[in-house]
Amino acid sequence: MIVNYLKIAWRNLTRNRNYAVINILGLAIGLACFMLIILYVRDEMAYDKFHGDGDRIYRMALERKYPGRARNYAIIPHSYAQTVADDLSEVEDACRLFYFQGNNMVYEVNDELFEESYQMFADSNFFDFFTIPLLQGDPESALTHPNSVILTESTANKLFGQENPIGKILDLEPPANNLVVSGVCADVPEQSHLRFNMLRSVATLNQFLGQPNYISFSAYTYLKLHPTADPIIVESKFPDLVVKYASGQVLNSFGVDYEEYQAQGNGYRYFLQPLPDIYLNSNLEAEIKAPGSRQRVYFFLCIAILILLIACINFMNLATAKSAGRAREVGIRKTLGSERAQIATQFLVEAILITLAAAVIAWSINMAVLKPFNELAGKSFTSQDLWQPGFLLILLGVGLLTGLLSGAYPSIALSSFKPVEVLHGKLMQNTRGAGLRNVLVVFQFAVSVFLIIASILVYQQWTFTQNKDLGFDKEGLLTVQGAGRLDQSTSETFKNQILQLPAVNAVSGCNTQPGGQYFGMSFKPSGALEMTTGSGLIVDEGYIECMDMEMAAGRSFSKDFMDTLSIVINEAAVREMNLDDPVGKTLVTNENFLNADDTYTIVGVVKDFHFQSLHHPITPLFFVHNQHSFVAGVDQLVTVRFDTRNYRETLTQIEDIWAQFEPEVPFRYAFLDQEWATLYDKEITTRRISGLFTLIAIFIACLGLLALAAFTAEQRTKEIGIRKVLGASVPNLVTLLSRDFLKLVLIGIIIAVPLAWYGMSQWLQQYAYRIEMNVGVFLFAAFLAILIAFITVSFQSIRAALTNPIKSLRDE
């Protein structure tokens, strides 16, 4: 019987080739889009799922409260790890990681210099927490001793080839800090929020971590709970730990007890993040790796499902529209004894056959577009991913489900025809199913309009982030990295030589740049009780001018003054400290890397500028002169403003100057505008994917609308012929045939607009600085949908209207 069903299905498809091609093409494109997005979603959802005890591991994170605002950090004070493990019975163990962004390490192996950007420091129990296989070395002792280091497999191969790396030396400066290789681990999987090529022992940092600290943040702290422990109960015990251990340091640092400190609006709220949720759910400051977004994943998943539904709707609409052509077949088969279930099964087999053919084509499309999709989505999928049994099973399952979903209603509707009515021609006008077809067309265009609006707003927000005045000029700025290797005198000479280049306009030193990692600084006006905590930036003279920032009051640092104990603050700091006429007023600090006994004089106020992405509001920022900090005159970065017209030549000249000072160290640089753009990589991905798949959704919807209009025009052929004989013009006929479809599109627009407004207003909430949605976007999307639908329907309408009425009426 099945073979017979397949034969009949094949004959019907070959007899109606145009119908089959439209259905297979629409379903194939829909399935291909669905599977590509599923590939992306599976990859995003797979982060940190490979750890053996991942369901028991949590990261302890911090909401740092300040008066009127709060900041959320992925790092916390380093002393809490051992304290929590000792004091809370629910905690089995704790592990700390330290990652100092931008702190590149230059080392020598076999007389060859190497540089490493991705190094982390870890406690000795690292491998008890994270399932990253240790290929060589002892997991119990590999991270126990100071200056020991574990290399990833690819790093070990790069440095030592086939040699056994255990015990090998990585030469650093000074030699007392040379690292000894104690192990080799597997490369960190891409689907991990961790990122390192070298894992160093925390014991190396003992000189910095010797004193207990419960108020300054530096450590990524992971807790492994006992199997029966409740993380909510663990979180509820954190406030008592803060009072017990941090209150004394708050009193010493801020001059008030913790209760009063909280009454002022300050405080520390610690919370737990499940390890598998960190990548998608966390968007904290100081993340190891740029996080993903569960909201974005669900958005793409919705697009995938909607595109597939649009393709299914095409199939259902075309199948019910063609029911008149199959009605006589149904009547004859029922007269000859076929059961309704048999006829329904026949139509269902046809639907599944079409869908499976579409699935094969969809897989081929996936294979063909995989490379451009990788570029679009920022992924690195290979053809092997498409051959994975899991992927093929999903494709097969979705294909069968699509066939059942899209074929269920047509098969039930067609098999319900009554032989007597059919054979007397009562159903040939095919009004049956028209109501459902109208509903489905409305749904298709509601989805299309929603996606059009969403794509436009995503694009506008991205354009806003790129074009908004940031408060500094990011164009024509080059950052020379690794300048921290130069001592103070050499650094000044290096900067002066660069400044002599004809294309260079300004040179300055700093410890980080906008978009980079800022560390916290706390100051308060002399005589005040309340500290203001903000971000700190260590710079030399000329930095503000080099960045093309504007002063709101006073001056910037200058070699004409002794600015060792001068400070420049931004307008946000002025507001939070409630300072009137701030220039000349003094501030005090409690920071260890500054001298807590010193008093700093405000010499200038810089206008607020965005030193973080537009996701974050502008907060207090303190500029400290590099002569009075732990760097003691050393620039971690050197910023160069230059004429971009001959930038390659200028870049070569700067590299030559670098080679004079550090001939064996690679020249590393970055353009600030490019680095700033990376802050919006996820937004770029969202813009590209949503835009592309919106176009595809519209195409599939129009494909179905085109075929539906063709069948409608075919059914009304005689009516059109009579109207032409009676004097109807082509525009009249086009209006007649298009009117009903355009009504459905208008209903779809009315449904889509409020849904799009609500959905996109929620999406925009993630930005501290965002566009305002205006009615023009919605009107444009509505106009575009109507125009596309009208052009699509008019193509068939004009064709039908131009048909010679003699041909359509000759059978009468």
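Residues numbered from 1 in each chain as written. Predicted model: local features only at pLDDT ≥ 70, side-chain atom pairs only at ≥ 80, totals over all residues. Heavy atoms only, no water.

(A) Examining the overall build of the protein more closely. Within the protein, the secondary structure is distributed over 27 helices and 24 strands. Taking all 812 residues of the protein together, the buried fraction comes to 54%. Summed over its atoms, the accessible surface of the protein is roughly 35,800 Å², and 56% of this surface lies on carbon and sulfur atoms. (Helix = DSSP H or I, 4+ residues; strand = E, 2+ residues; numbered from the N terminus. Buried < 20%, exposed > 50% of the residue type's maximum accessible area, 1.4 Å probe, protein only. Areas by Shrake-Rupley, 256 points an atom, 1.4 Å probe, with all protein chains shown as cover.)

(B) Up close: the side chain of glutamine 444. Along the polypeptide, glutamine 444 turns up in helix α17 (residues 434-467). Setting aside its immediate chain neighbours within four residues, glutamine 444 contacts Ile310, Ile313, Asn314, Asn317 and Ala701. (Contact = heavy atoms within 4.5 Å.)

(C) Seen up close, helix α3 (residues 80-87). Among the residues making up α3, those that are buried are Tyr80, Ala81, Thr83, Val84 and Ala85. If you follow the buried residues of α3, they end up packed against β1 (57-66), β3 (91-98), β12 (220-225), α8 (238-254) and β13 (267-274).

(D) Focus on the pattern of salt bridges. Going through the model one piece at a time under the given rule, you end up with 24 salt bridges. In this structure, a network of salt bridges that share partners links the residues Asp53, Arg56, Glu92 and Lys224. (Salt bridge = Lys/Arg side-chain N within 4 Å of Asp/Glu carboxyl O.)

(E) Quick look at helix α5 (residues 153-160). Taken together, the buried positions of α5 are occupied by Thr155, Ala156, Leu159 and Phe160. Burial along α5 is one-sided: seen end-on, the buried residues are contained in an arc of 100 degrees. The inward-facing, buried residues of α5 abut β4 (105-109), β5 (112-116), β8 (148-152), β9 (169-170), β10 (179-185) and β11 (198-201). (Arc of directions from axis to C-beta.)

(F) Region of the structure containing the nonpolar core. Residues Ile303, Phe373, Ile453 and Phe693 are the most contacted members of the largest nonpolar core, which totals 86 residues. Not counting residues up to four positions away in its chain, the partners in contact with phenylalanine 373 are Leu36, Tyr40, Phe381 and Phe693. Among the nonpolar cores identified, the runner-up in size contains 63 residues, and Phe130, Leu194, Tyr222 and Ile278 belong to it. (Core = buried A, V, L, I, M, F, W, Y, C linked by side-chain atoms within 4.5 Å.)

(G) Representation of the pairing of β11 in the model. In the sheet, strand β6 (residues 119-122) pairs with β11 via four bridges, with the strands oriented parallel. Residue pairing across strands places glutamine 119 opposite methionine 198, the latter belonging to β11. Pairing of β8 with β11 involves three bridges; the strand directions are antiparallel. Within β11, the position partnered with valine 149 by the bridge is arginine 200. (Pairing = 2+ DSSP bridges.)

(H) Examining unusual backbone geometry more closely. In this structure, aspartate 48 is a non-glycine residue whose phi angle is positive, near 60 degrees. We classify aspartate 48 as buried; its relative accessible area is 1%. Its identity is not glycine, yet alanine 286 carries a phi of approximately 70 degrees, on the positive side. Take alanine 286: it is sitting in the loop between α10 (278-281) and α11 (294-321). Alanine 286 gets classed as buried once you look at its relative accessible area, which sits at 10%.

(I) Geometry of a nonpolar patch on the surface. Together, Phe780, Phe783, Leu787, Phe790 and Ile791 give the surface a local cluster of nonpolar side chains, amounting to about 490 Å² of exposed area. Note on placement: phenylalanine 780 falls in helix α26 (residues 775-801). Assessed through its relative accessible area of 44%, phenylalanine 780 is described here as partly exposed. (Patch = residues over 30% accessible without salt bridge, like charges linked within 9 Å, V, L, I, M, F, W, Y side chains within 5 Å.)

(J) Representation of the pairing of strand β22 (residues 621-625). Of all the five residues making up β22, five are buried; the element is thus mostly covered by neighbouring parts of the structure. Judged by which residues are buried, β22 turns out to be covered on both faces: Leu621, Phe623 and His625 on one side and Phe622 and Val624 on the other are all buried. Across five bridges, strand β17 (residues 532-539) lies against β22 in parallel orientation. Across the sheet, the residue bridging to isoleucine 538 is valine 624, located in β22. In the sheet, strand β19 (residues 566-570) pairs with β22 via three bridges, with the strands oriented antiparallel. Counted as the bridge partner of valine 568 is phenylalanine 623 from β22.

(K) A look at the confidence of the model for the protein. Scored by pLDDT, the protein comes out at a mean of 84, with 84% of its residues at no less than 70. When mean pLDDT is taken per element in the protein, β12 scores highest with 97 and helix α16 (residues 419-423) scores lowest with 54. (pLDDT = per-residue confidence, 0-100.)

(L) Broad picture of the packing of α3 against α8. Axis separation between α3 and α8 bottoms out at 12 Å; the angle between their running directions is 120 degrees. As summarised for this structure, α3 and α8 are arranged oblique, according to the angle between their axes. α8 is crossed by α3, and the crossing has right-handed handedness. Across from Tyr80, Thr83, Val84 and Asp87 in α3, the residues of α8 making contact are Phe238, Leu241, Val242, Lys244, Tyr245 and Ala246. Among the residues making up the contact of α3 with α8, the classes are represented as seven nonpolar, one polar and two charged. (Axes fitted to C-alpha atoms, helices over the stretch in contact; angles between N-to-C directions. Parallel < 35°, antiparallel > 145°, perpendicular 65-115°, else oblique. Left-handed = near helix turned anticlockwise from the far one by under 90°. Nonpolar A, V, L, I, M, F, W, Y, C, P; charged D, E, K, R; others polar.)

(M) Here's a closer look at the packing of helix α18 (residues 488-499) against helix α21 (residues 647-661). Where α18 meets α21, the closest approach of the two axes is 10 Å, and the angle between their N-to-C directions is 155 degrees. When the interaxial angle is binned, α18 and α21 end up roughly antiparallel. α18 and α21 meet at a crossing whose hand is right-handed. Contact residues: Thr490, Thr493, Phe494, Gln497 and Ile498 in α18; Ile654, Ile657, Trp658, Gln660 and Phe661 in α21. Partitioned by chemical class, the residues of the contact of α18 with α21 number six nonpolar, four polar and no charged.

(N) Representation of the environment of isoleucine 750. The residue isoleucine 750 is located in helix α25 (residues 730-764) in this model. Judged by relative accessible area, which is 61%, isoleucine 750 ranks as exposed. Along the chain, isoleucine 750 and valine 442 lie 308 residues apart, while their C-alpha atoms are 9.9 Å from each other.

(O) Expanded view of the packing of aromatic side chains. According to the stated counting rule, one finds 35 aromatic pairs in the structure shown. Ring geometry for phenylalanine 472 versus phenylalanine 609: centroids 6.0 Å apart, planes at 90 degrees, classification edge-to-face. Of this pair, phenylalanine 472 sits in the loop between α17 and β14 (477-481) while phenylalanine 609 sits in the loop between β21 (599-606) and β22, placing them 137 residues apart in sequence. In terms of burial, phenylalanine 472 and phenylalanine 609 fall into one category: buried. Lying over the aromatic face of phenylalanine 129, lysine 224 brings its terminal NZ or CZ to 5.2 Å of the ring centre. (Phe/Tyr/Trp six-rings, centres within 6.5 Å; stacked < 30°, edge-to-face > 60°. Lys NZ or Arg CZ within 6 Å of the ring centre and 35° of its normal.)

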